[in-house]
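If you want the building blocks of each chain, they are given just below.
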Amino acid sequence: MTVTTNKDIMQTDWYFSTPVYSIMKTEWLKPAIKATDKFIDEAYKREAPKLKERKKFLGNKDYLKVKDHGMSYHSTPLNGDPGLKELEQYVGATSQNLLDEWGYNMEQYKMFFTEFWVQEFSKNGGGHHSTHVHWDNHISGFYFLKCSDKTSMPVMHDPRAGAMMTKLPQKDGTKISPMSDQLHYKPKPGMLVFFPAYVPHEFSVDDGIDDFRFIHFNLQAVRNNIVGNK
């Protein structure tokens, strides 16, 4: 790409920015909560043995204080659930369209879910996720079901390794600037978020004041000739 500027006029162009796409889809909120209730109930049952081990390790006195503090309850895959069909189809189609909009040649690719699950943080607080990416994917995202201004939130980090190595101190860390190294993304119930899967993200520690539940998804672009479509 060639950049040209007019003589004596300082021109500013932003390149290598990272897109984060969000849209409110409250019409799917109640059906999605209802559809995921059974998955969350199953997750609580699966984690019961861990709580028993924790109780033995901590001792009954300490366990009564912490209970399931710090735990996150993950479901099995949600793909194909009738109550989430419209959401699943929308996420798949939108992921394809976003990659195309961002400039990728998607004519020879189709999107496939690699992960599609719901999770809920402990009502006793402490739920969180450390910084991570989802390998071998192209689109990641969330659909927030239960949250408030008192719950955990996703924290997204600058994905540019070179930029992170040479960061200077920010003037005001509470403000978002083109050189911010992280941002706290404040969700609302019914908010759907998409971002490139290479973006490192984490979830801040939840205080256990309000319920926090969200659907997380990852999708991979696969060549048509690999899946048998020309």
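Residues numbered from 1 in each chain as written. Predicted model: local features only at pLDDT ≥ 70, side-chain atom pairs only at ≥ 80, totals over all residues. Heavy atoms only, no water.

**A closer look at the overall build of the protein chain**
Convention followed: Strands are runs of DSSP state E lasting at least two residues, helices are runs of H or I lasting at least four, and both sets are numbered from the N terminus onward. Note on exposure labels: buried denotes an accessible area under 20% of the residue type's maximum, exposed denotes more than 50%, and partly exposed covers the range between, all computed with a 1.4 Å probe on protein chains only. In what follows, residue pairs with any heavy atoms lying within 4.5 Å of each other are defined as contacts. Surface accessibility follows the Shrake-Rupley procedure with a 1.4 Å probe radius. Residue values consider only the protein chains on display as shielding. Positive charges are assigned to Lys and Arg, negative charges to Asp and Glu, while His and the chain termini are left out of the count. Throughout, a charge is located at the NZ atom of Lys, the CZ atom of Arg, the CG atom of Asp or the CD atom of Glu.
Secondary structure summary: the protein chain contains five helices and ten strands in total. Burial analysis of the protein chain (230 residues in total) assigns 39% to the buried set. The contacts in the protein chain between residues at least 6 apart in sequence include a share of 84% that link residues at least 24 apart. For the protein chain, the computed accessible surface area is about 14,200 Å², with 55% contributed by carbon and sulfur atoms. Here the protein chain holds 29 positive side-chain charges and 28 negative ones, and the gap between their average locations is 4 Å.

**Some details on the packing of aromatic side chains**
The way to describe two aromatic rings as a pair is by their centre distance and the angle between their planes. Basically, it comes down to this: Working definition: a ring pair exists when centres of Phe, Tyr or Trp rings (six-membered ring for Trp) sit within 6.5 Å. Plane angles under 30 degrees give stacked, over 60 give edge-to-face, the rest tilted.
Taken as a whole and judged by the stated rule, the model has 17 aromatic pairs. Taking 6.3 Å as the distance between ring centres and 85° as the angle between the ring planes, the aromatic pair formed by F121 and F203 counts as edge-to-face. In this pair, F121 sits in strand 3 (residues 109-121) while F203 sits in strand 9 (residues 201-203), placing the two residues 82 residues apart along the sequence. A single burial state applies to F121 and to F203, both of which are buried. Between F142 and F203, the ring centres sit 5.2 Å apart and the planes meet at 75°, which makes this aromatic pair edge-to-face. One end of the pair, F142, is in strand 5 (residues 139-146); the other, F203, is in strand 9, and 61 residues separate them in sequence.

**Concerning the layout of surface pockets**
As a reminder of what qualifies: Here a cavity means grid points, on a 1 Å grid over the protein atoms only, where a 1.4 Å probe fits yet cannot get out; a pocket means an open set of points with protein on both sides within 12 Å along at least five of seven lines; lining residues are those with an atom within 4 Å of a point. Grid points are joined across faces, edges and corners, and a volume is the space filled by probe spheres set on the points. Here the term charged refers only to Asp, Glu, Lys and Arg, the term nonpolar to Ala, Val, Leu, Ile, Met, Phe, Trp, Tyr, Cys and Pro, and the term polar to all other amino acids, Gly among them.
When its volume is computed, the largest pocket comes out at roughly 450 Å³. Together, 20 residues line the largest pocket, and T18, R160, S177, P178 and S180 are the ones closest to its centre. Among the secondary structure elements, those contributing two or more residues to the lining of the largest pocket are strand 6 (154-157) and strand 7 (182-184). Looking at the lining of the largest pocket residue by residue, the class counts come to eleven nonpolar, six polar and three charged.

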